[in-house]
Structures are given as C-alpha cells and as structure tokens.
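# Structural overview for review
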Amino acid sequence: MLKPKSQSHYVGPAVVQDIVSRTLSVLVDNEPGVLARVIGLFTARGYNIDSLTVTETEHEKHVSRITIVTTGTPAVIQQIKHQLERMVPVHRVLDLTVEGQSMERELALVKVAGKGDKRIEALRMAEIFRANVIDASINHFVFEITGKASKIEQFIQIMTDLGLIEVSRTGIAAIGRGDAAM
Amino acid sequence: MGSQQMNGAEIVLKALVDQGVSDIFGYPGGAVLPLYDAMFNQNSIRHILVRQEGGAVHAAEGYARSTGKVGVVVVTSGPGATNAVTGLTDAMMDSIPLVCITGQVPTHLIGNDAFQECDTTGITRPCTKHNYLVKDVNDLARVVHEAFYVARSGRPGPVLIDLPKDVAMAMGTYIEPKHVKPKHYSPQVKGDSVKIEQAVKMIAAAKRPLIYAGGGVINSGPQASKLLRQFTKLTGFPCTLTLMGLGAYPANDKQFIGMVGMHGTYEANLAMHDCDVMVCIGARFDDRITGRIDAFSPGSKKIHIDIDPSSINKNVHVDVPIVGDIAYVLEEMLRVWKAKAPTLDKGAHKAWWKQIETWRKKKSLSYKKSDTVIMPQYAIERLYELTKDRDCYISTEVGQHQMWAAQFYHFDDPNHWLTSGGLGTMGYGLPAAIGAQLAHPKSLVIDIAGDASILMNIQEASTAVQFDVPVKVFILNNQHMGMVRQWQQLLHGNRLSHSYTESLPDFVKLAEAYGWVGMKCEKPDELDDAITEMINTDAPVFFDCRVAALANCFPMIPSGKAHNEMLLGDDVSDEEVGGAISEEGKVLV
Ligand SMILES: Cc1ncc(C[n+]2csc(CCOP(=O)(O)OP(=O)(O)O)c2C)c(N)n1
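Residues numbered from 1 in each chain as written. Chains lettered and ligands numbered in written order. Predicted model: local features only at pLDDT ≥ 70, side-chain atom pairs only at ≥ 80, totals over all residues. Heavy atoms only, no water.

### A few points about the interface of chain B and chain A
Interfaces are often described in size by the accessible area the parts lose on coming together. Across the boundary between the two partners, chain B contributes 27 residues, which contact 20 residues of chain A. Carbon and sulfur atoms make up 55% of the area that chain B and chain A hide from each other, which totals about 1,900 Å². Together, B:Arg125, B:His130 and B:His184 form the three largest contributors to the area buried by chain B at its contact with chain A, with a combined 28%. Across the chain B-chain A interface, the total number found is 1 salt bridge. Notably, a salt bridge pairs B:Asp308 with A:Arg86, separated by 2.6 Å at the nearest N-O pair. Along the lines of polarity and charge, the residues of the side of chain B that touches chain A split into 8 nonpolar, 10 polar and 9 charged. (Contact = heavy atoms within 4.5 Å. Buried area = accessible area lost by both parts, 1.4 Å probe. Salt bridge = Lys/Arg side-chain N within 4 Å of Asp/Glu carboxyl O. Nonpolar A, V, L, I, M, F, W, Y, C, P; charged D, E, K, R; others polar.)

### Here we look at the site of the ligand
Residues and elements named next belong to chain B. Residues in close proximity to the ligand total 17 residues, the closest being Gln400, His401, Gly424, Ser453 and Gly482. Gln400 places a main-chain nitrogen or oxygen 2.8 Å from an oxygen atom of the ligand. Interatomic distance of 3.0 Å between a backbone N/O atom of His480 and an oxygen atom of the ligand. For the ligand, whose free accessible area comes to 580 Å², the fraction covered by protein is 77%. Elements with a minimum of two residues in the shell around the ligand: helix 16 (400-408) and helix 19 (482-491). By residue number, the principal contributor to the shell around the ligand is helix 19, which donates 3 residues. Across the shell around the ligand, the residue classes tally to 7 nonpolar, 9 polar and 1 charged. (Near = heavy atom within 4 Å. Polar contact = N/O pair within 3.5 Å; in protein donor to acceptor, adjacent residues only side chain to side chain. Areas by Shrake-Rupley, 256 points an atom, 1.4 Å probe, with all protein chains shown as cover. Helix = DSSP H or I, 4+ residues; strand = E, 2+ residues; numbered from the N terminus.)

### Quick look at helix 20 (residues 507-514) of chain B
Think of an α-helix as turning once every 3.6 residues; residues three or four places apart then point the same way. Residues and elements named next belong to chain B. Taken as a whole, helix 20 has its buried residues at Phe507, Val508, Leu510 and Ala511. The arc that holds the buried residues of helix 20, viewed along the axis, is 165°, so those residues lie on one side. What points out from helix 20, more than 90 degrees from its buried face, is the exposed set Lys509 and Ala513. Buried positions along helix 20 lie against strand 18 (472-477), strand 19 (517-521) and strand 20 (541-546). For helix 20, the side-chain oxygen to backbone nitrogen distance between the N-cap and Val508 is 3.0 Å, and the N-cap itself is Asp506. (Buried < 20%, exposed > 50% of the residue type's maximum accessible area, 1.4 Å probe, protein only. Arc of directions from axis to C-beta.)

### A few points about the packing of helix 1 (residues 34-44) of chain A against helix 2 (residues 74-85) of chain A
Residue and element names in this part refer to chain A. Between helix 1 and helix 2, whose axes approach to 11 Å, the crossing angle comes to 145°. The handedness of the crossing between helix 1 and helix 2 comes out as right-handed. Contacts between helix 1 and helix 2 involve Val38, Leu41 and Phe42 from the former and Ile80, Gln83 and Leu84 from the latter. Across the contact of helix 1 with helix 2, the residue classes break down as 5 nonpolar, 1 polar and no charged. (Axes fitted to C-alpha atoms, helices over the stretch in contact; angles between N-to-C directions. Left-handed = near helix turned anticlockwise from the far one by under 90°.)

### Some remarks on the sheet that holds strand 5 (residues 98-104) of chain B
Residue and element names in this part refer to chain B. With respect to topology, 6 strands assemble into an open sheet ordered 3-2-4-5-7-6, the strand pairing being parallel. The open sheet has two edge strands with one neighbour each: strand 3 (46-49) and strand 6 (130-133). Averaged over all neighbouring strand pairs, the angle between strand axes comes to 20°, with direction disregarded. In the sheet, strand 2 (residues 23-26) pairs with strand 4 (residues 71-75) via 2 bridges, with the strands oriented parallel. The residue of strand 4 that forms the bridge with Phe25 is Val73. Docked against the sheet, helix 4 (residues 79-93) engages strand 4, strand 5 and strand 7 (158-164), running at close to 160° with respect to strand 7. (Pairing = 2+ DSSP bridges.)

### Brief notes about unusual backbone geometry
All names here are of chain B. Cis peptide bonds are those with omega within 30 degrees of zero, and the linkage from Phe554 to Pro555 qualifies with -5°. Within the fold, Pro555 resides in the loop between strand 20 and helix 22 (574-578). With phi around 55°, Gln116 is a residue other than glycine that occupies positive phi space. Within the element layout of this structure, Gln116 appears in the loop between strand 5 and helix 5 (120-124). Since its relative accessible area comes to 27%, Gln116 is described here as partly exposed. Of note in this structure, Lys363 is not a glycine but carries a positive phi near 50°. Relative to the assigned elements, Lys363 resides in the loop between helix 14 (346-360) and helix 15 (376-387).

Given below as structure tokens:
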C-alpha cells in the first residue's frame, strides 16, 4: 500500500499513500455532547466523514454506537482510531473494514413522482430491488429500500430518470459476523 | 458516613478537599457566587484571587507543573469562561493537569441567551481533555472526583466542569472518592514486553545512538527522570531534551548535549540528524523539533515511548512504538537491559562521541560579548550563575528571551522550568511564576520575561502583592517584540512592521505603582550587583534589564530546513540571514 517516492520512509510529503475507505464502529457513553466531540475531532483535524449514524444501542448502560465511514491514507486512518480511542467517553473503536467479516446496510426512503410508463417502470424496478412502497398516490410513490450503500446508489440512479423527487438516507449501520460482540 | 446531604457548592468544596486540594485560583461572578459563599466559612482551601481569569489558569498551570499536582481554577460563566480559554488550550497543548470549574446560568435559562451565558462546554470541547455540564446535583460529587482522575491519568490535561447556579444551590448527596467507581477510561501504563525486548535489542546494537526525551518524562513524575538518568548512565549514550523536557536530565552532565530543535544546539541537532538509533522518550516529534520532515534523521531506526498512542506515528514513522507510562517502561527496559547485559559496540560509540565533541567545539551558543551594552545571553548567564545554588524555579513568557532562557539557564531537576511550549502563550510567565511561588514559598521564583509579553498579564502583579508572593520578573528589555523582529529580518526584508513598541511603560514606576520593588540595569558591569540585590529582596521585584535591542537568537534552523542546514550566530552575515528562508519556508510558522 505504501508507495514511497524517495528513500525516506516517513509519513510526510515524501510518501504517497493510497486513499482507502474504512468503516469504524465506535462505542461511546451516551452523554451530552459526545457526538459533537466526535464530529469536532474530524473537523478540527481535517478528517473526512462520508457517512455517520448514531443511536443508543444499550439503553441500560447508556451506550451508543457510532458508525463512521471515512476515507484517508492508512496512516490517517490509524491516527483517527487513536484520536477517537483517547476520548474519555469512548469505550472502543473497531475498524470493521480491516477486521473483515462485517456487514454494512443502509436504509433509504425514495420519493418518485410521475405518470404513465415511467410510473410503471418505477414500480417494476422497485420490485427488482425489493423496495417496499410505504406511501402512494396516483401521482407518486415513496419506496423504502435497504441494502448495501452501492445497491441504494444504483436504485437512486435509476429513479433519477423515472421522476425522482427526493431521497432520505440513514447512513451506514455495520456489524461484525459471528456470535461475538465488538 | 459514605454519603451526606449538602448543597451543590458545598459538595464541590468537600470533593476538592477530599481530592487533596489546598489551593484554588479564581475570580468570582454572579454564576459562581454559591461556590464563593461556600468558601467564605472554611479554612481548608486557600483561594487565590487573580486579576483576570486567564491569569488564574496560567497560575494553576505553574502550580501544577512545579508540583506534579492537579491545578484548580474557579471562574464565572460567560466572560469568565471565555477568558479561561487561552489557558485551557495552553494546558491542553502542554499536557498540564487542571480542573477548571466554571459557573453557568441556571439550568432553566440555558439556551436562552441569558445574561453572561455562553456555551462553555461547546467552546471548550476542543481545548479540554474532557468537560462536563452538570445538571443534577446528585451527579456532582462523582463528576468532580472523575474530573481529577481524568486530568491526571494517562496523558494529563485540563478538565472543565460547567456548574449551573441552581445546581450549586440545590441539596444533594455527597459521595466520597472511594465510593466512585472509576470510569472505563484507563490509559495503558505498562509497556508491551515484546516491544520492550525489541527496543533493548535495537538499542544494544546501535552505533550512533541518541536519547531524545521530552515533557512526558516530567509528566510521568520524578521517578521517570531518575530512571532516565540511570538509563543514560548505564548506556553511556548522548541525551538531548526538548523545550518541555528541560530538567528531566541534568543540563550540567557531560552526556547532555543541549536542547534540540529550532533553537537547539548544533551538536544536538546534528546528532539527531546523523544518529542510527533514536530513543524518543515522552516527546512528540513536533515541527519545532523535526524541521523539514522528509529530511528528518533519515538514517535512524526510531523507538518511541509515549503514554498517548495518538502521538505515535503522527508526524514521523517509528520502528518500535511502546505505549505506556515512561516510568513503567523505563523501569522494565532497565530490568531487561541488566538481565541481558548486552555487549555494546564501544569502538563505534567512541567514534560517535568524538564526532559529537567536534560539533560541540563549534560552540553554537556563542555570541558577541560587549562591555557597553548588556547582551541578553549574558544576562541569562549571569542570572544562572548567581542563582544556581538556590532552589530556583524559572518561568518564561514567549519570544527570544524564552529561547535564551532555555539555552543559558541550566536545569538539573525536573519541574523547575515552566514555559508555554506548545501554544507559545505570551503572558504565561508572570501568573505561572505566582502559582509556582505559592506552592514553593521558600524557593526563588523568577519569570524571565520580554518587554512585550509581560504586558499581556501585567495585572497579576497585583495578585502577587495581595498574597505576599515575592516573585521576580526579570525583563530582557529590547524594546521590540524581539522574536517577531528577528523573523521579519529573516523573512520579510527587515521590514519591521509593528514589532517595535514605541511607548513602553517605565517598568520601575509601574512596579512601584503595584507595590513591587522596581529596579533597572543598563550596564554589564553593574549587572551582578543588581541581580544579587534582586535575589536578596524579600518582595516581588521587577527587574528592567536593558539589553541590546537587535540581538538575534541563534542557532536557528530556519523554517522548512533540515537539521544540517542550521544557521549559527557567528558566521552569518545580514545577507545570509535575509536569504535564509526559501519561498516555501516562508509559509511555515
Ligand atoms: C498571545 C500571543 N500573541 C502573539 C504571539 C506572537 N509572538 C511570539 S513572540 C512575540 C514577541 C515577544 O516579544 P517580547 O515579549 O518582547 O520578547 P522578546 O522576543 O523580545 O524576547 C510575539 C508577538 C504570541 N506568541 N502569543
């Protein structure tokens, strides 16, 4: 992954690293300001956030799970992990992409309006993508679709030509396979 | 007796007492009045009334840095909190343990733009290690105890507690520290033994080794400094320190090769550039140390010991990272070293030392002496000679004087050097000196200051008088913002844009107005007597030391240059100084 331009093996201008995408799962105390803290870290240090989801997942323990999809060089991703880990309310940080064996899903609500052939085609495509109709009139549908981000991208792409009005996406939720917790 | 009923303010005070706090630095205001009321009828805690909240934080920093304890600050909401922000950021950058309690408007007014309301936790989130807004009085004791734990554990730092006025007045239950279960926050203190073995092996095989230690050694505690000495002695390696690390290894020892970095010695910087094994102990490879990053110590294997994993591989790739508390890791390294009793390449080390000695012979700290004007370097040399036999704490402001103090005042013990390294905050020195003096009433405490910096927190002179704090302020008065002027000379064709202070106060009169003793010295041959008089004055003294106006601080690694491209004082002409920094270097700070 490292492609040094010169002899030097230091992180810095002399080293070119590929940009990679990573999904991080961050377990935090669900206390006021915790999300601002995490987001503030990303803006303050110039890291990217491509997707972010957060909800309390263990109510008795007041623990939330934040799932962040970020991009950066492997060195930057390593820094992000360490910077997150040293925050007081952070219990654990797991790089789900590196651990492999993880699944990622996203949910989107997609509103499409149109008449005639386009309307029929939209409904047909929705069936192919296993999207549910959760609201409809003679002028429109609202589809609910779940899956990998790439599948949702593709569905939205198709709907663009068929009368797409608006989209709301949850961002990515991710979890490791198997019977163990993170 | 595990729990008792009292109001929020009393809970805070009781928690502070139970945390072993004897002094707090603060400034009152509407939102913290309940806390001040609780302070009124008690003598277990001394409150030091500063003159501006910024002063309170720096004083607490000086107190903390010189004692190893957590410094405590109390300020009011709104402007009290915002005035504290610079000090909190300073403590964050230099890893100083603080607990800062800010008053806040009552909970039902939060968010209403109430009088003296500000989003304190929002504003201070990036500049504290952690912060809390306490909305329930029954959380208060736990939060205070936890704040102390967080402030001093791992890499230390400032922790803020925002306390709404109604919570401070509500009745609640006090819980003692032993009944508070520690947070899951638990930094790794013991180093990985495999890594330690690996490090020992690498160190044993070194031909041109270098120990590079920093402020982390001081933060780890006196034991870490002791172990660093043992380790350095045992290996016979050269040792250099960062600005924040001064005192961690005795400056007068022959294995000490001076400070490293932008204004470090020639021998330290060249040793860093040419070494083959670098043992970084509690330092963080920041840009003031590394210079041009891609030319930084190109031929060395690097071992990095640090309690903060995010400091490792942040700026420079290291070969053997060891996460842990310096004292633990050094102790383990010494144990492994003694058990293995490795044979060192004595021949190579001898050659390496010979090389270092030739660099040392350059005498990179030399300067042109004068019998007519006091050279600033000379002033620090004399100050050192005349104070070295006392227990002396030195603080500084920021600028040339700070670098000269680091170069010419020699520290043999940790915790005696108080300076704003990471943030470089002018105005740090006077309040920090006051904080240190309060903790060490019998010691000599001197703020080595610049004429510009000292005016940034001059109001704290009044605090010193109120609390009988006989600190000394030794101003290297060059009538310029010397460091700014030097950079303008180096970078901007000597166009001295707004770096000359046209109407400086008469510092002697100013001192007297505050109730201090004022002194002035202009001649080199009068300096010793004047310094002696200052030392022997049992009162706060302003010493206006008039020094050469245009002296530059050398050696210097210009921004964007590598260690082996350093400028030495003696052999640079004005043209060389003018052209020393390349176009790319000019954008750097
Ligand atoms: C609060 C703050 N503002 C501005 C600066 C930028 N700065 C760094 S050094 C310096 C000049 C300091 O002048 P002086 O205190 O007289 O010290 P000298 O360099 O002359 O020794 C300035 C303005 C700073 N470090 N801190």
